[in-house]
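# Residue-level structure breakdown
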Amino acid sequence: MMEPISVVVPFHGPAGPLLRCLEALAGQTVRTSLEIVLSVDGPVCPDEAAGLADIVVTSPVRTGPAGARNRGWRASGGSCILFTDSDCVPAPDWAGKLAAPLFSGWQASKGVYTGGGTLPIQRLAQIEFLERYRKMAKARTVTIADTYSAGFTRESLECTGGFDETFPVPDHEDVDLSWRLLKIGGRIRFVPDAGVAHTHRPGWVAYFRLKMSRGRWRVKVLKKFPAMASSDGYTPQTMKVQMLLGPLLLPAVAAGFVAPLVPLAWLGVFLLSCAPILHTAVSCDPAMTPLVPVFCWWRGTALFTGFMRGILKGETLCSPR
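A brief structural summary.

Calculation notes
- Residues numbered from 1 in each chain as written.
- Predicted model: local features only at pLDDT ≥ 70, side-chain atom pairs only at ≥ 80, totals over all residues.
- Heavy atoms only, no water.
- Helix = DSSP H or I, 4+ residues; strand = E, 2+ residues; numbered from the N terminus.
- Rg over C-alpha atoms; globule rule 2.2 N^0.38 Å.
- Buried < 20%, exposed > 50% of the residue type's maximum accessible area, 1.4 Å probe, protein only.
- Core = buried A, V, L, I, M, F, W, Y, C linked by side-chain atoms within 4.5 Å.
- Contact = heavy atoms within 4.5 Å.
- Axes fitted to C-alpha atoms, helices over the stretch in contact; angles between N-to-C directions.
- Parallel < 35°, antiparallel > 145°, perpendicular 65-115°, else oblique.
- Nonpolar A, V, L, I, M, F, W, Y, C, P; charged D, E, K, R; others polar.
- Polar contact = N/O pair within 3.5 Å; in protein donor to acceptor, adjacent residues only side chain to side chain.

### A short note on the overall build of the protein
Within the protein, the secondary structure is distributed over 13 helices and eight strands. Against the globule reference of 20 Å for 321 residues, the protein gives a C-alpha radius of gyration of 20 Å, in line with a compact fold. Taken along its principal axes, the extent of the C-alpha atoms in the protein is 70 × 45 × 40 Å. Within the protein, buried positions represent 53% of all 321 residues.

Right, dumping it as structure tokens:
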């Protein structure tokens, strides 16, 4: 029998996706060694969900997912703590595979999304994740354990103090924890076969808003870890180029009335920056290949917009809302 493993699911929102998540956790191959902890970000737990968890933790006030995860792992009893989101559906062998490195000397482990939906923007977002997974698979050092599919030893969570609760929304609190763990000598193992199914944002506007948030909260972690600005180990360098080029499209088009080569030069450099993710699309979802440049421009513009917002309103980033 395996050592005890705890899995923490923070929750606030509709109960439907949560029930699918908890049912998948109840069907894990290591269920006899698995403790399911539902950490509700608020005072009320859905009745239908409570019966699927071994431990239910509530809070008189909302604190955001960082606080919910902290309450969850601190109430748990496992020596290894896994995390997933309430809108994820782990594969039956997910917990066993994600926990395995934690029993063999690693301080954290990182799994993957196995799919994101059938709409074009969802398929493109999944291609984006696949490009990052390929980068991580080749990296000497893995630098992030995203909490949609992540594991940590209890000792590593205690040493780092857990999640920083000044991140009040589900954005970059796991990046912050991962980088603090690396700073004290911890190691993260990439586990590409520890997968969870997920439904990515279903619309282009919703995706834009998500990436704006990513850009905004990126500012906060980079202020704490400025050395990661040059290379964080998982963000493609070409994405940074797209962040700079995205907002320059309209100025480049305008300049074309005076200097016709300017928009052509912009297009050439931008398409060159898309080459790596185009390669991923061709090999994984070729039907989406023609949309990849549009997707990259949309993503780069959103990230730039959010990043600038984070810089201009940086004084509010540490205040829970």
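### A closer look at the nonpolar core
Formed by 62 residues in total, the largest nonpolar core has its most connected members in Leu38, Leu82, Trp94 and Phe152. Once you skip the residues sitting within four places of it in the chain, Trp94 turns out to touch Val7, Leu25, Gln28, Leu82, Phe83, Thr84, Ser149, Ala194, Gly195 and Val196. Of all hydrophobic cores here, the second largest spans 16 residues; its members include Leu124, Leu245, Phe270 and Phe295.

### Some remarks on the packing of helix H5 (residues 120-138) against helix H13 (residues 292-312)
What describes two packed helices is the angle between their axes and the distance between those same axes. At a minimum axis distance of 11 Å, the contact between H5 and H13 shows a crossing angle of 80°. As far as their axial angle goes, H13 and H5 are roughly perpendicular. On H13, the residues touching Ile121, Leu124, Ala125 and Glu128 of H5 are Val292, Phe295 and Arg299. Partitioning the contact of H5 with H13 into residue classes produces five nonpolar, no polar and two charged.

### Concerning the environment of Asp176
Inspection of the secondary structure puts Asp176 in helix H7 (residues 173-183). The exposure class assigned to Asp176 is buried, which follows from its relative accessible area of 0%. Ignoring sequence-local partners within four residues, the contact set of Asp176 consists of Asp164, Phe167, Val221, Lys224 and Phe225. Separated by 2.9 Å, the side chains of Asp176 and Arg180 make a polar contact. Within the structure, the side chain of Asp176 is placed 2.6 Å from the side chain of Lys224, a separation counted as a polar contact.

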